[in-house]
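Understanding the architecture of this molecule
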Amino acid sequence: MSIFYEIRFHGRGGQGAVSAAALLALAAFEDGFESQAFPKFGSERRGAPVEAYVRISSAMIRAHNQVYTPDAVVIQDASLLRSEPLLQGLKNGGLIVLNSERQPDDIDNKNDSLRWICLPASRIGQHHLGKPLPNTVLLGALAAGTGWVSLTALERAVTSHLQRKGEEMVKANIEALREGYGFASQTEELVS
Amino acid sequence: MKQLLEGSQAVAEAVRLCRPQVVAAYPITPQTHIIERLAQHVANGELEAEFINAESEFGAASIVLGAVAAGTRAFTATASQGLLLMTEVLYNIGGMRLPVVMVCANRAVGAPINIFCDHQDSMALRDAGWIQIYVESNQEAADSMIQAYRIAEACELPVMVCMDGFLLTHTFEPVALPSQVAVDGYLPAFRFARTLDPTQPMTLGGAGEADNYQEYRIAQHDAMENAQTVIEAFDADFGEQFGRTYGGLVQGYCLEGAQTVLLGLGSLMGTVHDVVDRLRDQGEAVGALRLRCFRPFPAQALVQHLNGAQRIIVLEKAISIGAGGIVAAELRAALHQAGIMTPVESVIGGLGGRDLTPEVIEAVFRDAKSDELEVTCRFAPDHAKGGELHG
C-alpha cells in the first residue's frame, strides 16, 4: 500500500513540539515506514510559537523542504489559535488534534470539512507525569484518530526515546499515551 | 539495520566509528549537536579521545592542526561565523597539507545575522586548500565522514564535509550505521609520515620565500587535482563494502535524454529529484546533476555528464556578491575550456534558509525554457509569494 502523510505540530518553545515530531517519526519507522521529522527552522525561545513537521511514507523520502499542506495538525497550546494561522494549508478532511478543555463548538476558525479531536491533554499529562505536559497524550489521540501509526510502535518509540530519563518516566509517558489513545477511540469523532 | 537519527547524531556516530583521538570545538548553531554527542561519547568512555572545549573557533582549529601534526586523528565542526573565525588557521592546515577532517554545518553569514542554511560560509573557504564534499542526506553525511578520513590521510589534504544546517543537522531520517569492524576494515589506522617528533626535529609551516613559496602552491594544487581519482576510487570501494555510493565527484539523476539539466549541491537535490520525476511524468526532458565534490573542482566529470544537455541551470545557495553564481561561473569556464557552448543559467536561491520548495524548483525549470539567458544571474522565486511561481 502506498501512503504519504504530512503532520504539523504547533506548540510553544519548551512544550516539546520537536520531541513530539521525533516520537511520531520514530513510531512510523518502527511500523516499517520511511519517516522524517524536523523543526521549523527558527531560533527556539521558551514560550514562542514553535512548529515541527513529520513525513510518513511508504517510499523513500528525499525532499528536504518544509510542510505546507499537512494532512493533520497537532496543537499543543489552544491559545495559539488566537495568534497563529494554525490551520493554514490543512488538507480537506484533515484532522486537528487540539489540547483543550473546551469542546470544538467554542472554538473559532471552525471549518466544515475538518475533523477535530479535542482533549484535555495538559490535565491528563499532569495526572500521569506530575507536569502539564501534553505531548504523549496528543500522540496517542493522533494515532487513534488516524490509524497512521500503531499504539505499540508509539510505545516502543517512547521507550527508546525516553530511556535515558529513567524507567518511571517511560512508564508514566506510556500511561499518558494510552489514555490519549483511549480518549480519542471512545470519543465520537467531532465532525462539525 | 537502519535507525531514525538526527543528522547531527548520524555524523557524530560515524565520526566515533573513525576513532578520532582528539576532538576540539567551540559551540555554534547548527553544529552544536554533533559536538555534544561526541562529548557524551568521550565522557561515557565510548570514544577514547581527548575532548577539548576550545575558547573559540580559532582555538579549535589550532588544536586540531596541532593534533594532526602530532600524528593523531582529529575532528572539529563549526558553521557560519565560526568557520570564518577559523579562516586563518584553515589556510595554514591546507598549506601544511595536514589531513584534518571537519564538518561545516552550512549556515548563512552575517550581517544580517541569520542561523539558517545557505552555502555562503563554506564557499568563502573554497580557496583554502581543503577538499569540500557537499552531502544530500544524513546517510551520505555519515558515510562521507568515513570516506573523508581515508581521502584526507591518503592525499595529505584536509577535508571539509559540508552538510546543510537544520535541513540535515536537525532532521531525523533513517540511517544505516556500519559496524566498527567494517569501518576498521575500510579505514586503515592513521600513520602520518610527517609526524612531529622531538627525537627527530622538523618544522611544519615554516617560512616560504619567493624562490620556493610558489612551488608549495603548485604541489598543493597538483595534490588537489590528483585527489579527484582518489575520491572516486574510495567512493567506489565504499560501495563494494557497504553497498552505498554517491557518484564520487558528481551524481547524475535522469540524465539519459535530458535536454534541460539542473546542477546543484546539498540537500536541495533530494527535492529536485522529486521534481524531476514529476516533470518526467509530464513528458518534460529534464534531469539533474549533483555537484558532490566542489573542491577539487571536477571539471572533466561535469563536462562528461553535461555533454548531452541543451540547457543547463545552476541553482546554488551562495553568491559571490558583485559577480553572481560561484558554481555557475566555474562551470561556464569548464564548458568553455572543453569547447561546449551550452547556455548556463545561473540561479541563486535558498539564501538565509529561504525554502526551496518543489513549486519553486519547478518554476526555476520552467523559467529556464524561456530564451532569456542574457542575464548573469537571477534569483529563485519566493514560495511565500505564490504569484512569482506562476509567471
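Per chain, residue numbering runs from 1 following the sequence as it is written. Ligands are numbered from 1 and chains lettered from A, in the order in which they are written. pLDDT decides what is reported in this predicted model: residues at 70 or higher carry local features, side-chain atom pairs at 80 or more are listed and counted, and totals for whole chains, interfaces and linings draw on all residues regardless.

1. A look at the overall build of chain A
Stated formally: Secondary structure elements follow DSSP: runs of H or I no shorter than four residues count as helices, runs of E no shorter than two count as strands, and numbering proceeds from the N terminus. Any pair of residues counts as being in contact when their C-beta atoms, constructed from backbone geometry, are within 7 Å of one another.
If you tally the helices and strands in chain A, you get five helices and seven strands. Starting at the N terminus, the α and β elements of chain A follow one another as β-α-β-β-β-β-β-α-α-α-α-β. Restricting the contact set of chain A to residue pairs at least 6 apart, pairs at least 24 apart contribute 61%.

2. Topic: the interface of chain A and chain B
The criterion, for reference: When residue character is reported, Ala, Val, Leu, Ile, Met, Phe, Trp, Tyr, Cys and Pro are called nonpolar, Asp, Glu, Lys and Arg charged, and the others, Gly included, polar.
With 17 residues of chain A at the contact, the number on the chain B side is 21 residues. Of all the secondary structure elements, the ones that give two or more residues to the side of chain A that touches chain B are α1 (17-30) and β2 (34-39) of chain A. Top element by residues in the side of chain A that touches chain B is β2 of chain A. It accounts for six residues. For the side of chain A that touches chain B, a count of residues per class yields nine nonpolar, six polar and two charged.

3. Description of helix α4 (residues 80-95) of chain B
All names here are of chain B. This is how the line gets drawn: Expected helix span is computed as 1.5 Å times (number of residues minus one). What we call the bend at a residue is the angle made by axes fitted to the seven residues finishing there and the seven residues starting there. Partly exposed residues are those falling between the two cut-offs: more than 12 but fewer than 20 other C-beta atoms within 10 Å of their own, whereas 20 or more means buried and 12 or fewer means exposed, with C-beta atoms placed from the backbone.
The end-to-end C-alpha distance of α4 is 22 Å, a good match for the 22 Å that 16 residues give at a rise of 1.5 Å each. Largest kink in α4: about 55°, centred on T87. Listing the buried residues of α4 in full gives S80, G82, L83, M86, V89, L90, I93 and G94. Close packing links the buried residues of α4 with α3 (57-69), β4 (74-78), β5 (101-106), α5 (120-123) and α8 (213-242). A positive backbone phi angle near 55° is found at R97, which sits one or two residues after α4.

4. Examining the domain arrangement of chain B
Residue and element names in this part refer to chain B. The test is simple: Annotation comment: domain bounds sourced from an automatic or database domain assignment.
One can read the domain layout of chain B as domain 1 (2-242) and domain 2 (250-390). Taking the mean C-alpha position of each, domain 1 and domain 2 sit 27 Å from one another. With 25 residues of domain 1 at the contact, the number on the domain 2 side is 21 residues. Those elements giving two or more residues to the side of domain 1 that touches domain 2 turn out to be α5, β6 (131-134) and α8.

5. Description of the sheet that holds strand β15 (residues 378-379) of chain B
Residues and elements named next belong to chain B. Condition: Here the rule is simple: two strands pair whenever DSSP picks up at least two bridges between them. Comment: axis = line fitted to C-alpha atoms, over the contacting stretch for helices; angle = value between 0 and 180 degrees taken between N-to-C directions.
Across the sheet, which stays open at both edges, the six strands sit in the order β9-β11-β10-β13-β14-β15 with mixed pairing between neighbours. Each edge of the sheet is formed by a strand with only one pairing partner; in this case those strands are β9 (250-253) and β15. Bridge analysis of strand β14 (residues 344-348) against β15 gives two bridges, and the strand direction is parallel. Across the sheet, residue V347 finds its bridge partner in β15, namely R378. In this fold helix α11 (residues 326-337) packs onto β10 (260-264), β11 (286-291), β13 (311-316) and β14, with an angle of close to 150° to the strand it touches most, β13. The strands that helix α12 (residues 358-368) touches are β10, β11, β13 and β14; relative to β13, the one it contacts most, it runs at about 145°.

6. Some words on the pairing of β5 of chain B
Walk down a regular strand and you will see the side chains alternate between the two sheet faces. Residue and element names in this part refer to chain B. Taking burial as the measure, the six residues of β5 include six buried ones, the bulk of the element. The side-chain alternation of β5 yields two buried faces, one formed by V101, V103 and A105 and the other by M102, C104 and N106. In terms of strand pairing, β4 meets β5 through four bridges, oriented parallel. Bridge pairing in β5 links T78 to C104.

7. A word on the confidence of the model for chain B
We apply this condition: For every residue, the predictor assigns a confidence score, pLDDT, that lies between 0 and 100.
Confidence in the prediction for chain B averages 95 pLDDT; 97% of positions are at 70 or higher. This complex was scored by the predictor with a pTM of 0.95 and an ipTM of 0.92.

8. Some details on the packing of helix α4 (residues 151-162) of chain A against helix α5 (residues 167-186) of chain A
Helix-helix packing is characterised by the crossing angle of the two axes and by the distance between the axes. Residue and element names in this part refer to chain A. To keep things clear, this is the line we draw: Should an angle lie under 35 degrees it is considered roughly parallel, over 145 roughly antiparallel, and from 65 to 115 roughly perpendicular; all remaining angles are considered oblique. Left-handed is the label given to a crossing in which the near helix is rotated counterclockwise from the far helix by less than a right angle, and right-handed is the label when the rotation is clockwise.
Where α4 meets α5, the axes come as close as 9 Å, and the angle between the chain directions of the two elements is 155°. Between α4 and α5, the interaxial angle falls into the category roughly antiparallel. In terms of crossing hand, the pair formed by α4 and α5 is right-handed. Mapping the contact onto sequence places L151, L154, E155, V158, T159 and L162 in α4 and M169, V170, N173, I174, L177 and Y181 in α5. Each residue belonging to the contact of α4 with α5 can be placed in one class, and the counts come to nine nonpolar, two polar and one charged.

9. Here we look at the packing of helix α1 (residues 7-17) of chain B against helix α2 (residues 32-43) of chain B
Residues and elements named next belong to chain B. Where α1 meets α2, the axes come as close as 8 Å, and the angle between the chain directions of the two elements is 45°. Judged by the angle between their axes, α1 and α2 are oblique. Pair α1 / α2 crosses with right-handed handedness. Between α1 and α2, the residues in contact are S8, Q9, V11, A12, V15 and R16 and H33, I34, R37, L38 and H41, respectively. Grouping the constituent residues of the contact of α1 with α2 by class yields five nonpolar, four polar and two charged.

10. Here we look at the nonpolar core
Condition: For this entry, the nonpolar core is defined as buried Ala, Val, Leu, Ile, Met, Phe, Trp, Tyr and Cys residues connected by C-beta atoms within 7 Å.
A21, L24, A25 and V97 of chain A together with V11, V159 and V161 of chain B are the most contacted members of the largest nonpolar core, which totals 186 residues. In terms of residues, this core owes the most to one element, α1 of chain A, which gives twelve residues. Both domains that meet at this core, namely domain 1 (2-242) and domain 2 (250-390) of chain B, each give it at least three residues. Dropping the residues within four chain positions of it, A21 of chain A is found in contact with F9, A37, A52, Y53 and V54 of chain A.

11. Brief notes about the sheet that holds strand β3 (residues 50-53) of chain B
What links the strands of a sheet is backbone hydrogen bonding, and the strands pair in either a parallel or an antiparallel sense. Residues and elements named next belong to chain B. Within the open sheet, the seven strands sit side by side as β3-β2-β4-β5-β7-β6-β12. Their pairing is mixed. Taken across any chain shown, the strands that pair with only one partner, and hence form the sheet edges, are β3 and β12 (293-295). Neighbouring strand axes in the sheet, compared pairwise and without regard to direction, differ in orientation by 20° on average. Inspection of the sheet shows strand β2 (residues 22-25) paired to β4 by two bridges, in the parallel sense. By the bridge assignment for β4, V22 is matched with A74. In this fold helix α6 (residues 138-155) packs onto β5, β6 and β7 (159-164), with an angle of close to 170° to the strand it touches most, β7.

12. So, the environment of G129 of chain B
All names here are of chain B. Its place among the elements puts G129 in the loop between α5 and β6. Overall, G129 belongs to the buried group, with 23 C-beta atoms counted inside 10 Å. Taking the C-alpha atoms as reference points, G129 and L187, separated by 58 residues in sequence, lie 23 Å from one another. Filtering out sequence-adjacent residues up to four positions away, G129 remains in contact with Y91, G94, G95 and Q220.

13. Some points on the pairing of strand β5 (residues 95-99) of chain A
All names here are of chain A. The buried fraction of β5 is high, at five of five residues. The alternating pattern of β5 places L95, V97 and N99 on one face and I96 and L98 on the opposite face, and all of these are buried. With four bridges joining them, strand β4 (residues 72-75) and β5 adopt parallel strand pairing. Looking at β5, one finds that V74 is bridged to V97. Taken together, the five bridges between β5 and strand β6 (residues 115-119) define a ladder with parallel strand orientation. Bridge pairing in β6 links L98 to C118.

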